[in-house]
Amino acid sequence: AMPKELESVGMGPGRGGLPPRTPQDADEFLENVDEVNALIDGLRSGKISAEYVDRKIKERDAESTQLEEERKKEAEEAERRKYENLSPEEQKKIKAKVDEMIAEKERRERARKAFHEYRAKMPEEKRRATDYDAWDLWTPSDDEDDPWMRYTPENPAFKAMEADIDRRHAAQVRARQTAHRGREDGNAAFRAGQFAEALRCYELGLEADKRSLELHGNAAMAALKCEMFVRCIDHASKACELAEFLLERPDHPTAIKCLQRRAAARLKLSHYKDALNDLSLAHQRDPSNGEIESQMKEANATYEEARKEKEVERGMRRAAQGIDGEVDGTDFHTLRELEKLCGEIGSDACDYTRLEALVEVSEQCRVFLRLGRGLHLLRLSRELERDGAHNLTGPLRVLRAACLNEANRETLARNGTLKLAVGFIARARRSTEKATDREAVSAALFLLHTCSATADPRARIIEALASDVEPDGAIAGLFAMLETDLANDDAGAKLAAAHALSLLGNCAVDAKARIALARAVGEDAPGKIARVLRWGTPVLAERAAALLGNMCADGRMRADFAANERGISDLCALLPKNEKNERATRTPSAASPAGMGAGLPGLGARDADGKSD
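Residues numbered from 1 in each chain as written. Predicted model: local features only at pLDDT ≥ 70, side-chain atom pairs only at ≥ 80, totals over all residues. Heavy atoms only, no water.

## Here we look at the overall build of the chain
Here is the rule: The way it works is that DSSP assigns letters per residue, a run of H or I at least four long becomes a helix, a run of E at least two long becomes a strand, and they are numbered from the N terminus. Throughout, exposure labels follow a simple rule: accessible area from a 1.4 Å probe, protein chains only, divided by the maximum for the residue type, with under 20% read as buried, over 50% as exposed, and the rest as partly exposed. Each accessible area is a Shrake-Rupley result for a 1.4 Å probe, and residues are judged covered by the shown protein chains and nothing else.
Broken down by element type, the chain carries 28 helices and 2 strands. Within the chain, the proportion of its 613 residues that are buried is 42%. Of the roughly 33,200 Å² that the chain leaves accessible, carbon and sulfur atoms contribute 48%.

Okay, here's the thing in C-alpha cells:
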C-alpha cells in the first residue's frame, strides 16, 4: 500500500483514476509514477527521509497552485481581449442587466432591514424561538455579493465579466419562467379541483422563486382546501411579509386575501384570537371589503360559541365537586340534571319531554349537547336509524330545540343528521295514518325547517331532497300531505303543513332545489302550492306565497304559474287593499307575474346565503 505521506502527491493526468488523454499526458503520467515509486523505495531503504518527502509534496503543491493562477490569468486576459471592442449599444444592454440586478439587491436589503426591525419589536416570547422559515426568506442569496455588483462598463474588468453577467441574468430569467409555469400548472389543477396537485405545483414554483407573492398566496389557498392548516398559515404569513417588507405594500390585494386565508386556517385550529386579529388587520387595510366584515361576524360568533363551551365545561367540573353556582344564568344543578338525562338517551327511561324543556329555555344546555365533539347530538341522531315501532318524536323534538343554537345546526349538518331526517320523512310517508307517525313527521319537519335557516345546513338538506325525487320520496310525500291532510281541521296536520311550506320555501332559493321540485312533482308545482292560498289559514297562505315567490325564480315554473289565473287571483287577494285593486286589474304576464317577489325577507332567489324564516 502507498504510504500516507505520498497519498497527496500530484500524479498529473492519471490522478483520481482518469486515463491520460494525449501521448504527452501519458508521458507525464508515467514520469509521476516513476517518481512516486522512487520515493517509496527510498523511504523503505532509509535513503530518503520523511522531511524530504514533505518538502517534495509542498514543492509540487506550490507548482500546481502557480500553474492554476497562470491559467486563470490567461483566461481572464483572453476574455479581456475578446471584449475590448465592445460597442456602446452592447455596453448599454449589459449595464441595464446589472442595474436590474443591483436594484433587486437593494430592494431585498431594505426588506431585510425592515423585517429585522419588525422582529425586534415582537414580544420576547415570540422572538425566543428560531424562525427558520423567515431566516430562509430574508437571508441573502448566493449571488447577491458576487463581484459583478461592483463593476460598471467603465471598469476595465467589466468586459471580462460580460459573459458571467449574461449567465447570471439568464439564470434569473429561467427561475422566473419556472415559477410562472408552476403557477400556471397549479392554477389549472386548482380549477379542476385537484387541490393537492395544485399545492405541489405552487411549491415547485416557489423553489425557483421563493419571494413570489402570488405563489405563496395561491399555495395558502390550496393548503386551506386540503385542510393543511399549518402549511396554509406558513404560506399566508410569507405572502404578508413579502407584501409589507419587499414590495412595501401591506395593503396589496393578495396580502389582504392571505390575511383572510390565514384567519380561516386559525379558526379551524381554534386559534380564535389570532384569527380575529388577522381579520381586524385586513379590515383596517381594506375597510370597504364586505367579505371581510362577514368573515369577522362569523369568526366572532365562532369565538363566542367556543367561549360558551369552555364556560359550560368549567361549570360541569365545579358541579361535580359539589360547588354551587351558575353559568350565564343556568345553575349547576340544571346542568347536572341534563347530564343525567343525556346518559339515558336511547333507553325507555329517558324523559325526552323534560330534556326538550331544558334545552328549549337554556342556551347553556344547548351548548352542553355539543360538548365532546357533539357526542350527545350524535346519540340523538342515531335514534333516527333504529328500525321498528320506536317512537322518534322525542329525539326529534330535542334535536329541534338544540338547533336554536346555530353552531348545533352546523354540527347536525356535518354528522349526517339532516340527511337522516329527510330519509325518515320518506319512509314514514307510507304510515302517516298513525297519529304517532304523523307527530314524528311533524317534529322532523320542524327540525328541518329550523336548520334550513342557515346556509350550510340548508345546502345539506337540499342535497338530500335532490337525491330522492321518486314518486314515494320525501318531496312527493310533502306535496301529497299538503293536498290531502289540509282538507280537515286537524291542528296537527296544519302545523306540519306550515313547517313543510317554510322548509320548501327556504330551500327553493337554490336552483338545485327548484330542479328537484320540478322533477319530483312536475313543472306545475307552483299551481299545487297555490291551492293552499284558498284554505283560509293566514299563516299557511303567507308561507305558501313566500314559497311561490322563490319557486317562480325558475323560468318554466314562472311561465306555468303566470297562466294560472285562479292562482294569480288568490295571490293578489293577499296584497294590502290599497294595492290589491290596482294590481288585480293588470293582465298577468309570463315575464313578470304580479306578486312574484323574492319570497321571505332576506331569502331572495339570488341570495341563497342569507338568513331565512
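Read on, since the account is not over.
## A look at unusual backbone geometry
With a phi close to 55°, glutamate 248 is a non-glycine residue in the positive phi region. We note that serine 270 has phi near 65°; this positive angle belongs to a residue other than glycine.

## Examining the environment of glutamate 406
Position of glutamate 406 relative to the elements: it lies in helix α17 (residues 406-415). Of the residues examined, glutamate 406 reaches a relative accessible area of 36% and is grouped as partly exposed. In the structure, glutamate 406 is positioned 44 residues away from threonine 450 in sequence and 9.6 Å away in space, judged by C-alpha atoms.

## Regarding the packing of aromatic side chains
Here is the rule we go by: Centres within 6.5 Å make a pair out of two Phe, Tyr or Trp rings, where for Trp the six-membered ring is used; the pair is then stacked when the planes are under 30 degrees apart, edge-to-face when over 60, and tilted otherwise.
With the rule as written, the count across this model stands at 2 aromatic pairs. Centre to centre, the rings of phenylalanine 190 and phenylalanine 195 are 5.0 Å apart; their planes meet at 65°, and the pair counts as edge-to-face. Looking at phenylalanine 195, the relative accessible area reads 24%, which means it is partly exposed. Between tyrosine 272 and tyrosine 303, the ring centres sit 6.0 Å apart and the planes meet at 40°, which makes this aromatic pair tilted.

## Observations regarding the packing of helix α11 (residues 272-285) against helix α12 (residues 290-320)
The condition is simple: Under this scheme, a helix contributes an axis fitted over its contacting stretch, all axes are lines through C-alpha atoms, and angles between N-to-C directions fall in the 0 to 180 degree range. To sort the angles, those under 35 degrees are grouped as roughly parallel, those over 145 as roughly antiparallel, those from 65 to 115 as roughly perpendicular, and the leftovers as oblique. A clockwise turn of the near helix away from the far one marks a right-handed crossing, whereas an anticlockwise turn of less than a right angle marks a left-handed crossing. Contacts are residue-level and defined by heavy atoms, with any inter-residue pair within 4.5 Å sufficient. In this classification, the charged set is Asp, Glu, Lys and Arg, the nonpolar set is Ala, Val, Leu, Ile, Met, Phe, Trp, Tyr, Cys and Pro, and all remaining amino acids, among them Gly, are polar.
At a minimum axis separation of 10 Å, α11 and α12 run at an interaxial angle of 160°. The angle between α11 and α12 falls in the class roughly antiparallel. For the crossing formed where α11 meets α12, the hand is left-handed. Residues Tyr272, Lys273, Leu276, Leu279, Ser280, Ala282 and His283 of α11 touch α12, and the partners they reach there are Ile292, Glu293, Gln295, Met296, Ala299, Asn300, Thr302, Tyr303 and Ala306. Across the contact of α11 with α12, the residue classes break down as 9 nonpolar, 5 polar and 2 charged.

## Here we look at the nonpolar core
Defined as follows: Grouping buried Ala, Val, Leu, Ile, Met, Phe, Trp, Tyr and Cys residues that are joined through side-chain atoms within 4.5 Å yields what is termed a nonpolar core.
The biggest cluster of nonpolar side chains holds 91 residues, and the ones touching the most others in it are Leu355, Leu396, Leu445, Ile461, Ile475 and Ile529. Excluding anything up to four places from it in sequence, isoleucine 475 contacts Leu465, Asp468, Val469, Ala516, Leu517, Ala520 and Val521. Counting residues in each nonpolar core, the second largest holds 29 residues, with Ala198, Ala219, Leu246 and Cys258 among its members.

## Digging into the pattern of salt bridges
Under the convention used in this document: Definition used for salt bridges: Asp or Glu carboxyl oxygen within 4 Å of a side-chain nitrogen of Lys or Arg.
As enumerated under the stated definition, the model contains 21 salt bridges in all. For arginine 336, the salt bridge identified is with glutamate 339, shortest N-O distance 3.4 Å. Here arginine 336 pairs with glutamate 339, and both are found in helix α13 (residues 332-343), just 3 residues apart, close to one helical turn. With relative accessibility at 35%, the residue arginine 336 sits in the partly exposed group. The partner of aspartate 456 in a salt bridge is arginine 460, with the nearest N and O atoms 3.9 Å apart. Here aspartate 456 pairs with arginine 460, and both are found in helix α20 (residues 455-466), just 4 residues apart, close to one helical turn.

## Regarding the packing of helix α8 (residues 213-225) against helix α9 (residues 229-246)
For any two helices packed against each other, the geometry comes down to the angle between their axes and how far apart the axes lie. Here α8 crosses α9 at 160°, and the two axes come no closer than 8 Å. Our classification of the angle between α8 and α9 gives roughly antiparallel. For the crossing formed where α8 meets α9, the hand is left-handed. Every residue of α9 that contacts α8 at Leu213, His216, Gly217, Ala219, Ala220, Ala223 and Leu224 is listed here: Phe229, Arg231, Cys232, His235, Ala236, Lys238, Ala239, Leu242 and Ala243. A breakdown of the residues in the contact of α8 with α9 according to their chemical character gives 11 nonpolar, 3 polar and 2 charged.

## A look at a negative patch on the surface
For the record, the criterion: Distance thresholds for patches are 9 Å for like charges and 5 Å for nonpolar side chains (Val, Leu, Ile, Met, Phe, Trp, Tyr), applied to residues having over 30% relative accessible area and no salt bridge. A positive count includes Lys and Arg, and a negative count includes Asp and Glu. His and the chain ends are not counted in either. The location of each charge is read from NZ of Lys, CZ of Arg, CG of Asp or CD of Glu.
A contiguous patch of negative charge, built from Glu68, Glu69, Glu70 and Glu74, is present on the exposed surface. Among the structural elements, glutamate 69 can be located in helix α2 (residues 50-82). A residue is classified by how much of its surface remains accessible, and glutamate 69, at 47% relative accessible area, is partly exposed.

## A short note on α20
Under the convention used in this document: In this analysis, the expected span of each helix is defined as 1.5 Å times one less than the number of residues it contains.
For α20, with 12 residues, the first-to-last C-alpha span of 16 Å sits near the 16 Å given by 1.5 Å per residue. Turning to α20, its buried residues number three or more, namely Pro457, Arg458, Ile461, Ile462, Ala464, Leu465 and Ala466.

## Digging into the confidence of the model for the chain
Filter applied, for reference: Every residue gets a pLDDT, meaning the predictor's confidence in that residue, from 0 to 100.
Residues of the chain with pLDDT of at least 70 account for 75%, and the chain-wide mean is 78. Ignoring residues within four places in sequence, the model shows residues 1-17, a span with pLDDT below 50, making 29 contacts including any to other chains.

## As for the side chain of threonine 454
Just so we agree on the cut-off: Any pair of N or O atoms that falls within 3.5 Å is considered a polar contact. Within protein, one atom must be able to donate a hydrogen and the other to accept it, and sequence-neighbouring residues count only if both atoms are side-chain atoms.
Here threonine 454 lies in the loop between α19 (435-451) and α20. Side-chain polar atoms of threonine 454 contact the side chain of arginine 409, separated by 2.6 Å. Apart from residues no more than four positions distant in its own chain, threonine 454 is found in contact with Glu406, Arg409 and Glu410.

## Quick notes on the environment of aspartate 456
Since its relative accessible area comes to 30%, aspartate 456 is described here as partly exposed. Between the C-alpha atom of aspartate 456 and that of arginine 414, which follows or precedes it by 42 residues, the distance is 9.1 Å. Once you skip the residues sitting within four places of it in the chain, aspartate 456 turns out to touch Glu410 and Ala413.

## Structural notes on the side chain of glutamate 344
Looking at where glutamate 344 falls in the secondary structure, it is placed in the loop between α13 and α14 (352-361). For glutamate 344, the side chain forms a polar contact with the side chain of lysine 340, separated by 3.1 Å. Residues within four places of glutamate 344 in sequence aside, it is in contact with Ala349, Cys350 and Asp351.

## Points about the environment of alanine 243
With respect to the element layout, alanine 243 can be found in helix α9. Taking the relative accessible area as the measure of exposure, alanine 243 reaches 0% and is therefore buried. Ignoring any residue separated from it by four or fewer positions in sequence, one finds alanine 243 in contact with Leu213, Glu248, Arg249, Pro250, His252 and Ala255.

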